[in-house]
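Spelled out from the first residue to the last, the chains are:
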Amino acid sequence: MQTDSFFEDVQEKDIEHEDNGLFAFDCICLGGTFDHMHLGHRLLLTQAALVTKKKLFCGVTSDILLSKKVHSDLIEPFEKRKQSVIDFLNALNPHLEVNVFELCDPVGVAGTSTEAQACVLTREVEKGGVMINEAREKNGLGPLKMVYVDMVVVESEKEDQPK
């Protein structure tokens, strides 16, 4: 039997437990450049979809914020990066409400959303999570839970190395 998405056969009632974190939040947020969609981006977006029951806010960094980055001329335009995120998330879970927006500052909607309960990020941008919760505090909102997606790089064995 072919399914429309990875999540279609998942029975939420069977896996919706606090201890495993799957579908733990009604609404989460995340952000990134998402330039030339690669496996790391897919892993981050997949983890975000796995912890979200209903709604996902995803900020894609604006072209203006990236203009001073080294080799900025090689970065895909915003609309192409945005569409890559939308296409991947819709293929992954078409039942998830996805709101992809232009991220014009490091905090984005995470600093003002009353719906968001958590932020999915990597340890590489842990300071961004702190900035988000500081902005939320200034706006009279409670902190978001930080859900870290750890990327582990494993060096493959070379043929001349003993096994």
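Higher on the page you've got the structure.
Residues numbered from 1 in each chain as written. Predicted model: local features only at pLDDT ≥ 70, side-chain atom pairs only at ≥ 80, totals over all residues. Heavy atoms only, no water.

**Thoughts on the overall build of the protein chain**
The helix and strand tally for the protein chain stands at five helices and five strands. Taken from the N to the C terminus, the helices and strands of the protein chain come in the order α-β-α-β-α-α-β-β-α-β. Counting over 163 residues, the protein chain shows a buried share of 37%. Here the analysis covers contacts within the protein chain between residues at least 6 apart in sequence; of these, 75% occur between residues at least 24 apart. For the protein chain, the accessible surface area stands at approximately 10,400 Å², while carbon and sulfur atoms represent 52% of it. (Helix = DSSP H or I, 4+ residues; strand = E, 2+ residues; numbered from the N terminus. Buried < 20%, exposed > 50% of the residue type's maximum accessible area, 1.4 Å probe, protein only. Contact = heavy atoms within 4.5 Å. Areas by Shrake-Rupley, 256 points an atom, 1.4 Å probe, with all protein chains shown as cover.)

**Looking at the packing of aromatic side chains**
On inspection of all chains with the given rule, the structure shows zero aromatic pairs. A cation over a ring is seen here: Arg 123 above Tyr 148, with NZ or CZ 3.8 Å from the ring centre. (Phe/Tyr/Trp six-rings, centres within 6.5 Å; stacked < 30°, edge-to-face > 60°. Lys NZ or Arg CZ within 6 Å of the ring centre and 35° of its normal.)

**Comments concerning the pattern of salt bridges**
Summed over the entire model, instances satisfying the criterion amount to six salt bridges. Close ionic contact of Lys 53 with Asp 26 constitutes a salt bridge, the shortest N to O distance being 3.8 Å. Here the residue Lys 53 occupies a position in strand S2 (residues 52-61), and Asp 26 occupies one in strand S1 (residues 25-32), the gap between them amounting to 27 residues. With relative accessibility at 27%, the residue Lys 53 sits in the partly exposed group. (Salt bridge = Lys/Arg side-chain N within 4 Å of Asp/Glu carboxyl O.)

**Thoughts on the sheet that holds strand S4 (residues 118-121)**
Reading across the sheet, the five strands line up as S3-S2-S1-S4-S5 and stay open at both edges, with parallel pairing between neighbours. The open sheet has two edge strands with one neighbour each: strand S3 (97-103) and strand S5 (145-148). In this sheet, adjacent strand axes meet at a mean angle of 25 degrees when their direction is disregarded. Against the sheet, helix H2 (residues 39-50) engages S1, S2 and S4, with an angle of about 150 degrees to S2. (Pairing = 2+ DSSP bridges. Axes fitted to C-alpha atoms, helices over the stretch in contact; angles between N-to-C directions.)

**Comments concerning the packing of H2 against helix H4 (residues 78-92)**
Put simply, H2 and H4 touch, their axes get as near as 10 Å, and they point 50 degrees apart. Taken together, the axis directions place H2 and H4 in an arrangement best described as oblique. Handedness of the crossing formed by H2 with H4: right-handed. On H4, the residues that touch Arg 42, Leu 45, Thr 46 and Ala 49 of H2 are Val 85, Phe 88, Leu 89 and Leu 92. Partitioning the contact of H2 with H4 into residue classes produces six nonpolar, one polar and one charged. (Parallel < 35°, antiparallel > 145°, perpendicular 65-115°, else oblique. Left-handed = near helix turned anticlockwise from the far one by under 90°. Nonpolar A, V, L, I, M, F, W, Y, C, P; charged D, E, K, R; others polar.)

**Some remarks on H4**
Its 15 residues place the ends of H4 21 Å apart at the C-alpha level, agreeing with the 21 Å of an ideal helix rising 1.5 Å per residue. All of the buried residues along H4 are Phe 78, Arg 81, Val 85, Phe 88, Leu 89 and Leu 92. Along the axis of H4, the buried residues cluster in a sector spanning 110 degrees; they form a single face. At its buried positions, H4 is contacted by H2, S2, helix H3 (63-66) and S3. (Expected span 1.5 Å × (residues − 1). Arc of directions from axis to C-beta.)

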